[in-house]
Amino acid sequence: MPESQELAIQEGIWIDNRWVRKAGLGTQLRVLVLPKEIRILPISDEADASQTTPRGWDVFRSLGRDAQPGKLPNAAVDHDHYLYSKKQ
């Protein structure tokens, strides 16, 4: 059964940790402010997945190990030149 409480705002609103636990929101929250509404949401696992891991770096490094040789000298150093310059 949902719990509710009427509050008179003085300097802010306190949300009891018991409510946060009961709602299963976790320890990291996102507050979304909309017209006539404030939503308190858990930070999704998708956001946690954006954290770097050693395995993620291994995948990133493998891209260079498996790269095909190119035709341009120093392409990594001068990549902006090769992408954006016009032949003169």
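All residue numbers here refer to positions counted from 1 along the written sequence of the relevant chain. Side-chain atom pairs in this predicted model are given and counted only at pLDDT of 80 or more, local residue features only at pLDDT of at least 70, and totals for whole chains, interfaces and linings cover all residues. Side-chain measures were taken over the full set of non-hydrogen atoms in the model, leaving aside hydrogen atoms and water.

## Observations concerning the pairing of strand 2 (residues 37-42)
Under the convention used in this document: Think of it this way: DSSP has to see at least two bridges between two strands before they count as a pair. Only runs of H or I of at least four residues qualify as helices and only runs of E of at least two qualify as strands under DSSP, and these elements are numbered from the N terminus.
Relative to strand 2, strand 1 (residues 29-34) is paired through 6 bridges, and the arrangement is antiparallel. Looking at the pairing, R30 lines up with L41 of strand 2. Here strand 1 folds back onto strand 2 in antiparallel fashion, the turn holding 2 residues, of which K36 has a positive phi close to 60°.

## Points about the environment of I43
Short version of the rule: Whether two residues are in contact is decided by their heavy atoms, any of which lying within 4.5 Å being enough.
Here I43 lies in the loop between strand 2 and helix 2 (45-49). The sequence separation of I43 and L25 amounts to 18 residues, and the corresponding C-alpha distance is 8.2 Å. Non-local contacts of I43, meaning those with residues more than four positions away in its chain, are made with Q28, L29 and R30.

## Quick look at helix 3 (residues 54-65)
Here is the rule we go by: Here the expected span of a helix is defined as 1.5 Å times the quantity of residues minus one. The cut-offs for exposure are 20% and 50% of the maximum accessible area for each residue type, with area from a 1.4 Å probe on protein chains only; residues under the lower value are buried, those over the upper are exposed, and the others partly exposed.
Counted at 1.5 Å a residue, the expected span for helix 3 with its 12 residues is 16 Å, and the 17 Å between its end C-alpha atoms agrees. Taking burial as the measure, the 12 residues of helix 3 include 0 buried ones, a minor fraction of the element.

## Observations concerning the packing of aromatic side chains
Counted only if it meets this: Only rings of Phe, Tyr and Trp enter the pairing, Trp through its six-membered ring, and a pair is recorded when the two centres are within 6.5 Å. The plane angle decides the type: under 30 degrees is stacked, over 60 is edge-to-face, the rest tilted.
Applying the stated criterion across every chain, the model contains 1 aromatic pair. Look at W57 and F60: their rings are 5.6 Å apart centre to centre, the planes differ by 85°, and that puts the pair in the edge-to-face class. Taken together, the residues span about one helical turn, with W57 and F60 both in helix 3 at a distance of 3 residues. F60 gets classed as exposed once you look at its relative accessible area, which sits at 53%.

## Observations regarding the layout of surface pockets
Counted only if it meets this: Whether a set of points on the 1 Å grid over the protein atoms alone is a cavity depends on a 1.4 Å probe fitting there but being unable to get out, while an open set qualifies as a pocket with protein on both sides within 12 Å along at least five of seven lines; lining residues are those with an atom within 4 Å of a point. Grid points are joined across faces, edges and corners, and a volume is the space filled by probe spheres set on the points. Residue type decides the class: Asp, Glu, Lys and Arg count as charged, Ala, Val, Leu, Ile, Met, Phe, Trp, Tyr, Cys and Pro as nonpolar, and the leftover types, Gly among them, as polar.
By volume, the largest pocket amounts to about 570 Å³. Around the largest pocket, the lining comprises 18 residues; the ones closest to its centre are I13, W14, I15, W19 and I40. Counting only elements with at least two residues in the lining of the largest pocket, the list comes to helix 1 (17-23) and strand 2. Ranked by residues supplied to the lining of the largest pocket, first place goes to helix 1 with 5 residues. For the lining of the largest pocket, the class distribution of residues is 12 nonpolar, 2 polar and 4 charged.

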